[in-house]
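This is what each chain is made of:
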Amino acid sequence: MLPRALILLLSTSLVTGSLGPASATSTDSGPGLSLGGGLQDLLGPGTDPLAGVAEINQAVTALELRLRDYGDLRSVLDLAPVLIAQVPDNGKLRRLHAAALAAEGDRRAARRELDASTGLGGLVWQNVAEALIARAAADLPAAQQALDAAILLEPDNAYARNVEGTIAAAAGDFVAAEIAFAAAADAAPDAPSYYGNLGAARLRLGALGPALSALDHAVSLAPADCGLRSTRALALQQQGRGAEAAVDLETCLSGGPTDPALVTRLVQAHLSGGQVDKAADVVAKYGQDLPNSASWQSEIALRRGDAKAAQDAAERIGGASAEAVSRLAYAALIGGDDAKALENARRAIALEDGPTSAEMRRLVLALSVGERSVALEPNGPAERFLAALGENAAGNSEAAMSHLSAAAEVIPGFTADGLSSQDLPSAIEEARDLAVAMNLVLRDLDGAAQDRLGRAASGSSALHLYVLGLAERGLGNTQSAQQAFSRAVDSAPRFRAARLELAEMAMTAGDGPTALEHYVEAGAVSPSPSIALRIGVISEALGDTAGARAAYEELLTLAPDNYLANNQLAWFLVANEGDLDRALELARHADTLQPGNASVVDTIGWIHFLNGDYARAADRLREAFEISRGATPEIRYHYARAELAIGNPDAAMELIAPIAGEGEDGSLSARAQALLDEAKAAR
């Protein structure tokens, strides 16, 4: 179980031209929330310059809360000078203003305010301001030292915790950043910027699910904040949810001036979601704001299979750039002119030594299958895949299988396991078509790949049918993809990669028995922890406890030092009235492998509960509840059971009430309701 999932690097923009790791945006200032009518009345145009001291102090306190609990720099920057004009000797106010100025990057003004501050009020903001000044000067050790002093004064100051996260992020320590941002969000649950920073930190750590959880909450708090929506869009795109990402980006574009970088992201989101026509509509609408509109027009034409439009747009890109020439190569390819495609691919290689050149190397290898005169040495999984086809067509089966084995993960889940040279095309023409089609699949030109392989006869090789299935899947043709993968398995029953594709499709369709069948066959060819885990989970869901236990035991054998393998078997033993002593041993080992994991701590606590050690159970289950921040209903239920067992019915009632309700017998809501009734009776 992963820990719960905008990094503040002030000089960096969130929006980039490609879907790389999460970039960052400044969210120190928060959503710019208002202070409320009373304070606005006090500080409005009709403000009495001789307002009472009590009112001024109330206003200062309100500003402090806005910064601490919402990260609201704007209110401080706008209103602090008005208050300072009336109470110039208020040290807290000046230090608060200094922190806001430092966060905005105005180090000189911040330093002037600190120098002018007197008294002992607001010392936490003195340290926060010093930390921000040091961070802006790239003196991260000094920034951390000042921030440590601030946190020592106020451990629950959410803004200080947020600044702590930005310092860690600036140092590249996103684990520490995630911890600090989580502390800020916990201390100020209504601050969208803190949750935004938390989500972005998790995104940088690759924890997409937890990142989206935090970002969803941030957007729910500030739906008009484009920075938050843009970051969530990036997470959605990385999760393959391009259509949902497009909604966030469209919202951003509709609410303000056109940002070319956002337009580019929106086009990418539509294309990644298979919405080619929507991508074309965006380019048509915002083309005048896009410096690379011709490039996108060419890409969209390629996705549509329109060779002429792709060529025309590529020629408008301008100059003899590798990008333009590579688009011309693909336009020729989908137009049926392989010779022209090969010529342009070689031209592109000569123009650039970079990503486009690597892509064109693959195309040259694909189009040159069967030609021994090609001097390119294959490098990397994709090129090794293509080389395997050429070697097999030339009769070099041993070299072919060596290359194919080295092509593992050319597509996620692909290995050569279960294949022999007989499962590769032997005719040069079919091998070349397959090589070109695979290159097109890797380039997200699935329609062109489908066209290239569409003439596949019933006797086509297993590998040919597998790539056809990939193309059909990319086009969203689920039934055709399933048929192609099934034919591949009919041709090569031990083809592990095709089995895994069929298993995943069955899981998506909710067909557990079929998925289990394919996972078992794939695992028999080449076992792996991920397959064993899936077999265990599906077997357990289908009521096959013996099969589930065997799978979890195999998982532990394959990954003895993986916390999930240890905890999974431990929990299975607990849930099925197995050996609690062994379960506790496994769970404790998992805890040493992954300290502080809520699921593992919950397992340990529940074993203590089942053993009748209620006090120890309550301690560990409280820990699990706090780690999960109360977000996991099963952990909440276990903790409530423990609290009731040690004689705290009121605590149990408070814990269980949010998840109690009507439900089928045995459901969590029904069990929670029964526990709530029991706790009420025990009061």
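If you're wondering where the values come from, they're calculated on a predicted model, not measured in any experiment.

Undergrad: With reference to specific residues and values, describe the overall build of the protein.
TA: Counting secondary structure elements, the protein contains 37 helices and zero strands. The buried share of the protein, taken over its 683 residues, is 51%. Summed over all atoms, the accessible surface of the protein reaches about 29100 Å², with 49% contributed by carbon and sulfur. Placing the 55 positive and 88 negative side-chain charges of the protein at their respective mean positions leaves the two points 4 Å apart.

Undergrad: Account for the environment of Asp248, with residues named and values stated.
TA: Its place among the elements puts Asp248 in helix α13 (residues 242-254). Residue classification places Asp248 among the buried positions, given a relative accessible area of 2%. Expressed as a C-alpha distance, the spacing of Asp248 and Ala416, which sit 168 residues apart in the sequence, is 40 Å. In this view, Asp248 contacts Arg229, Arg232, Ala233 and Leu236; residues no more than four positions away in its chain are not counted. A distance of 2.7 Å separates the side chain of Asp248 from the side chain of Arg232, its partner in a polar contact.

Undergrad: Describe the pattern of salt bridges, and please don't skip the residues or the numbers.
TA: On inspection of all chains with the given rule, the structure shows 35 salt bridges. The closest approach of N and O atoms between Lys92 and Glu64, which form a salt bridge, is 3.2 Å. Placement of the pair is Lys92 in helix α4 (residues 91-103) and Glu64 in helix α2 (residues 53-70), with a sequence separation of 28 residues. A residue is classified by how much of its surface remains accessible, and Glu64, at 12% relative accessible area, is buried. Between Glu164 and Arg161 there is a salt bridge; the shortest N-O distance is 3.2 Å. Residue Glu164 and its partner Arg161 are located together in helix α8 (residues 158-170), separated by three residues, close to a single helical turn. Each member of the salt-bridge network shares a partner with another, and the members are Glu299, Arg303, Glu323, Arg327, Glu359 and Arg443.

Undergrad: I'd like to hear about helix α20 (residues 355-367), residue by residue, with values.
TA: What sets the pattern is the α-helix's 3.6 residues per turn: residues three or four places apart point alike. The first and last C-alpha atoms of α20 sit 19 Å apart over 13 residues, in line with the 18 Å expected at 1.5 Å per residue. Looking at the buried positions of α20, the neighbouring elements they touch are α18 (322-334), α19 (338-351), α21 (381-393) and α23 (428-442).

Undergrad: Got a sec to walk through the packing of α20 against α23? Specific residues and values, please.
TA: Two numbers describe how α20 lies on α23: the axes approach to 8 Å, and their chain directions differ by 160°. Between α20 and α23, the interaxial angle falls into the category roughly antiparallel. In terms of crossing hand, the pair formed by α20 and α23 is left-handed. Here Glu359, Arg362, Leu363, Ala366 and Leu367 of α20 come into contact with α23, specifically with Arg432, Ala435, Val436, Asn439 and Leu442. Among the residues making up the contact of α20 with α23, the classes are represented as six nonpolar, one polar and three charged.

Undergrad: Now, about the state of the cysteines: what can you tell me, with residues and values included?
TA: For the structure on display, the rule yields one disulfide. Residue pairing for Cys226: its cysteine sulfur links by disulfide to Cys252, the two sulfurs lying 2.3 Å apart. Because the sign of the S-S torsion sets the handedness, a value of about 130° for the bond joining Cys226 and Cys252 places this disulfide among the right-handed ones. With Cys226 in helix α12 (residues 226-238) and Cys252 in helix α13, this pair connects stretches of sequence that are 26 residues apart. Judged by its relative accessible area of 9%, Cys252 falls in the buried class.

Undergrad: Account for the nonpolar core, naming residues and giving values.
TA: The nonpolar side chains of soluble globular proteins are, as a tendency, buried together. Of all hydrophobic cores here, the largest spans 67 residues; its most connected members are Phe385, Leu404, Phe414, Leu463, Tyr466, Val467 and Phe495. The residues touching Leu463, leaving out its near neighbours within four places in the chain, are Phe385, Leu389, Leu404, Phe414, Leu419, Asp423, Leu424, Leu434 and Phe495.

Undergrad: I'd like a rundown of the packing of aromatic side chains, residues and numbers included.
TA: The tally for this structure, following the rule as stated, stands at nine aromatic pairs. Summarising the aromatic geometry, the rings of Tyr552 and Phe572 are spaced 5.5 Å apart at their centres and angled 65° between planes, so their arrangement reads as edge-to-face. Separated by 20 residues along the polypeptide, Tyr552 in helix α30 (residues 545-558) and Phe572 in helix α31 (residues 563-575) bring together distant segments of the chain. Assessed through its relative accessible area of 4%, Phe572 is described here as buried. For the pair Phe609 and Tyr614, a centre-to-centre distance of 5.1 Å together with 55° between the ring planes defines the contact as tilted. With a relative accessible area of 8%, Phe609 lands in the buried category. Chaining the aromatic ring pairs together yields one cluster made of Phe385, Phe414, Tyr466, Phe485 and Phe495. Positioned above the aromatic ring of Tyr330 is the side chain of Arg443, whose terminal nitrogen or guanidinium carbon lies 5.0 Å from the ring centre. Above the ring of Tyr637, the side-chain terminus of Arg671 is found at 5.0 Å from the ring centroid.

Undergrad: So, the confidence of the model for the protein: which residues are in play, and what are the values?
TA: Averaged over every residue, the pLDDT of the protein is 86; residues scoring 70 or more account for 90%. Residue range residues 1-50 is modelled with pLDDT below 50. Its contacts to residues more than four positions away, or to other chains, number 132 contacts.

Undergrad: Give me unusual backbone geometry: which residues, what numbers.
TA: The phi angle at Ala138 is positive, at roughly 65°, despite the residue not being glycine. Mapping Ala138 onto the fold places it in the loop between α6 (123-136) and α7 (140-153). Of note in the backbone geometry, Glu409 takes a positive phi value of approximately 70° without being a glycine. Looking at the secondary structure, you find Glu409 in the loop between α22 (397-405) and α23. A residue is classified by how much of its surface remains accessible, and Glu409, at 49% relative accessible area, is partly exposed.

Undergrad: Could you give me a rundown of the side chain of Glu164, with the residues and numbers involved?
TA: In this structure Glu164 comes out as buried when scored by relative accessible area, which is 18%. Those residues in contact with Glu164 that sit more than four places away from it in its chain are Gln144, Leu147, Ile151 and Ala180.

Undergrad: I'd love a proper account of the side chain of Thr415, names of residues and values included.
TA: Within the element layout of this structure, Thr415 appears in the loop between α22 and α23. Overall, Thr415 belongs to the buried group, its relative accessible area being 13%. Ignoring anything within four residues of it in the chain, the contact list for Thr415 reads Ala408, Phe495, Arg496 and Ala497.

Undergrad: Explain helix α17 (residues 307-316) to me, and be specific about the residues and the numbers.
TA: Within α17, burial applies to Ala307, Ala310, Ala313 and Ala314. Buried residues along α17 cover an arc of 135° about the axis, so they all sit on one side. Residues of α17 that are exposed and angled more than 90 degrees away from the buried face: Lys308 and Arg316. Contacts from the buried residues of α17 go to α16 (293-304) and α18. Once α17 ends, the next one or two residues include Gly318, with phi positive near 95°.

What counts, and at which threshold
- Along each chain, residue indices are assigned from 1 in the same order as the chain's sequence is written.
- For a predicted model such as this one, the threshold for reporting local features is a pLDDT of at least 70, and the threshold for listing and counting side-chain atom pairs is 80 or more; totals across whole chains, interfaces and linings nevertheless cover every residue.
- For side-chain calculations, the full set of non-hydrogen atoms in the structure is used, while hydrogens and water are omitted.
- Under the DSSP-based scheme used, a helix requires at least four consecutive residues in state H or I and a strand at least two consecutive residues in state E, with every element numbered from the N terminus.
- Using a 1.4 Å probe on the protein chains alone, a residue whose accessible area is under 20% of its type maximum counts as buried, one over 50% counts as exposed, and one in between counts as partly exposed.
- With residues, only the protein chains shown are counted as cover, and all accessible areas are computed by Shrake-Rupley using a 1.4 Å probe.
- The charge count includes Lys and Arg as positive and Asp and Glu as negative, but it does not include His or the ends of the chains.
- By convention, charge coordinates are those of NZ in Lys, CZ in Arg, CG in Asp, or CD in Glu.
- It only takes one pair of heavy atoms within 4.5 Å for two residues to be counted as in contact.
- N or O atoms within 3.5 Å of each other form a polar contact, as long as, within protein, one can give a hydrogen and the other can take it, and as long as residues adjacent in sequence are counted only when both atoms are side-chain atoms.
- Should a side-chain nitrogen of Lys or Arg be within 4 Å of a carboxyl oxygen of Asp or Glu, the pair is scored as a salt bridge.
- One less than the number of residues in a helix, times 1.5 Å, gives the span that helix is expected to have.
- Every angle, taken between N-to-C directions, lies between 0 and 180 degrees, and every axis is a line fitted to C-alpha atoms, over only the stretch in contact when it is a helix.
- When an angle is under 35 degrees it counts as roughly parallel; over 145 it counts as roughly antiparallel; between 65 and 115 it counts as roughly perpendicular; any other value is oblique.
- The crossing is said to be left-handed when, going from far helix to near helix, the turn is anticlockwise and less than a right angle, and right-handed when the turn is clockwise.
- Each residue gets one label: Ala, Val, Leu, Ile, Met, Phe, Trp, Tyr, Cys and Pro are nonpolar, Asp, Glu, Lys and Arg are charged, and the others, such as Gly, are polar.
- A pair of sulfur atoms, both from cysteines and within 2.5 Å, is called a disulfide here.
- Put simply, buried Ala, Val, Leu, Ile, Met, Phe, Trp, Tyr and Cys residues joined by side-chain atoms within 4.5 Å make one nonpolar core.
- Each Phe, Tyr or Trp ring, with Trp reduced to its six-membered ring, pairs with another whose centre is within 6.5 Å; inter-plane angles below 30 degrees give stacked pairs, above 60 give edge-to-face pairs, and intermediate values give tilted ones.
- Only Lys NZ and Arg CZ are tested; either one counts as a charge over a ring when it is within 6 Å of the ring centre and within 35 degrees of the ring normal.
- For every residue, the predictor states its confidence as a pLDDT score lying anywhere from 0 to 100.
- Starting at the helix axis, one direction is taken to each C-beta atom, and the arc is that of these directions.

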